[in-house]
Amino acid sequence: MIIKSADLETVCGVTSKLPANLLPEFAFAGRSNVGKSSLINKLVNRKALARTSSQPGKTQTINFFLLNKEFYFVDLPGYGYAKVSKELQAKWGKMIERYLVNSKQLRVIFLLVDIRHEPSAGDKQMHEWVVAKGFTPVVIATKADKLSRNQVKQQLPMIRKALKMKSSEVLIPWSAETKQGYDEVWQVMEQILYPPATEVADKDAVEAVGAVGAVDAMDAGEAVEQQMQVQKTP
Ligand SMILES: Nc1nc2c(ncn2[C@@H]2O[C@H](COP(=O)(O)OP(=O)(O)OP(=O)(O)O)[C@@H](O)[C@H]2O)c(=O)[nH]1
Ligand SMILES: [Mg+2]
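Residues numbered from 1 in each chain as written. Chains lettered and ligands numbered in written order. Predicted model: local features only at pLDDT ≥ 70, side-chain atom pairs only at ≥ 80, totals over all residues.

Asks: Quick question: what am I supposed to make of the overall build of the chain here?
Replies: If you tally the helices and strands in the chain, you get seven helices and seven strands. Beginning at the N terminus, the succession of helices and strands in the chain can be written as β-β-α-β-β-α-β-α-β-α-β-α-α-α. Across the chain, contacts joining residues at least 24 apart in sequence account for 71% of those joining residues at least 6 apart. (Helix = DSSP H or I, 4+ residues; strand = E, 2+ residues; numbered from the N terminus. Contact = placed C-beta atoms within 7 Å.)

Asks: It is not clear to me how the sheet that holds strand 2 (residues 25-30) should be interpreted in this structure. Could you clarify?
Replies: Across a sheet, paired strands are connected by hydrogen bonds in the backbone, their directions being either parallel or antiparallel. Strand order in the open sheet formed by seven strands is 1-3-4-2-5-6-7, and the pairing between neighbours is mixed. Sheet topology places strand 1 (6-12) and strand 7 (171-173) at the edges, where each strand pairs with a single neighbour. Neighbour-to-neighbour, the strand axes of this sheet turn through a mean angle of 25°, independent of strand direction. Relative to strand 6 (residues 138-142), strand 5 (residues 106-114) is paired through five bridges, and the arrangement is parallel. Opposite L111, over in strand 6, you have V139 as the bridge partner. Lying on the sheet, helix 4 (residues 149-162) is in contact with strand 5, strand 6 and strand 7; it crosses strand 7 at an angle near 150°. (Pairing = 2+ DSSP bridges. Axes fitted to C-alpha atoms, helices over the stretch in contact; angles between N-to-C directions.)

Asks: Would you mind showing me how to read the nonpolar core here?
Replies: If you look at soluble globular proteins, the nonpolar side chains tend to sit buried side by side. Formed by 45 residues in total, the largest nonpolar core has its most connected members in F28, V74, F110, L112, V139, I140 and A141. When residues in this core are grouped by element, the largest group, five residues, is from strand 5. Once you skip the residues sitting within four places of it in the chain, F28 turns out to touch K36, L39, I40, F73, V74, D75, L76, F110 and L112. (Core = buried A, V, L, I, M, F, W, Y, C linked by C-beta atoms within 7 Å. Buried ≥ 20, exposed ≤ 12 C-beta atoms within 10 Å, placed from the backbone.)

Written out as structure tokens, the structure is:
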């Protein structure tokens, strides 16, 4: 995806009215410090569009970034940061809930988890909750550069199990340092922004799409790619 323009358009605090946007939205959720803002910056190739920090709790507002005047990235405040009072965390929980329930334009919720650790209780709750609201979360396992390739391979099934992910759910290992996962994450969004032509005349192609859906999407890149290729088949 070529990003020609990227603007922070709306910043919402706990009491703000959420914008009634008319363009598709992609939201990024996850615990504090997991790398949501870094991921946004890397995806749009800007150093500091979304503010990042090694101190957890950096993003304390819901930030809407308008990209190419075509769609939004929504940077959500992180949960689970111990230094934020329970009261404020609860307020944030409600605010995030209000956004997730009321947005008419939300297309995908990306749930970020740290690839090095067993998903937290908050991660599990968030995943469950997103599924209960009828969304299929796309899970991004961040900071893959901190592990060896072998360790990454081992962590993925652990994360799937802990979050009780369906085999059809996509799990993408990611690194904001090496850009691992960059194509796969964009592919998820591009499939939604630019759906392939509907008439899939070829019966084999239809069956293949079904089969990809059933694949254990361990290697998310491959699965997304296969699906794209199949869907592109005239
Ligand atoms: N090694 C490595 N570090 C990362 C990666 N992603 C983020 N970080 C670091 O992790 C820290 C937190 O990143 P942020 O992007 O600010 O995290 P956030 O999820 O937006 O955090 P909050 O705004 O507090 O919710 C920063 O020091 C980043 O440089 C990654 O893929 N690899
Ligand atoms: Mg942030």
